[in-house]
Amino acid sequence: MFFVLLRFSQNKEQASHYMDAHNQWIRRGFDDGVFLMVGSLQSGLGGSIIAYGVSREDLENRVNEDPFVVERIVAAEILEIALKKADARLSFLLG
């Protein structure tokens, strides 16, 4: 499982120009079954993604296709989580 942090860079003001393409990229992540959750980092710092069922290499390739990453609107950081325990509602993540 991975957490992806998309932190705004100095090009943040360009975000509105690429928002539709970024949202299509997010939809594709859900449609492909890779993204479990997407949300904003509070205080307008950027966004976050929880990804599952994908290799790190494939996720890196996917993240590098995000128009916000391509246009350097955000800087991406991928954190890999080695799950040890989960609430019963999230037990599918342990398998």
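Residues numbered from 1 in each chain as written. Predicted model: local features only at pLDDT ≥ 70, side-chain atom pairs only at ≥ 80, totals over all residues. Heavy atoms only, no water.

Student: Would you explain the pattern of salt bridges in this entry?
Tutor: Two side chains with opposite charge may pair up if their charged atoms get near one another. Considering all chains together, one arrives at five salt bridges under this definition. Measuring nitrogen to oxygen at the nearest pair gives 3.0 Å for the salt bridge that ties glutamate 60 to arginine 56. With glutamate 60 and arginine 56 both in helix α2 (residues 56-64), this residue pair falls four residues apart, about one helical turn. A relative accessible area of 31% means that glutamate 60 is categorised as partly exposed. As a salt-bridge pair, arginine 56 and glutamate 80 come within 4.0 Å of each other at their nearest N and O atoms. In this pair, arginine 56 sits in helix α2 while glutamate 80 sits in strand β4 (residues 74-80), placing the two residues 24 residues apart along the sequence. Overlapping salt bridges, with partners in common, bring together Arg56, Glu60 and Glu80 in one network. (Salt bridge = Lys/Arg side-chain N within 4 Å of Asp/Glu carboxyl O. Helix = DSSP H or I, 4+ residues; strand = E, 2+ residues; numbered from the N terminus. Buried < 20%, exposed > 50% of the residue type's maximum accessible area, 1.4 Å probe, protein only.)

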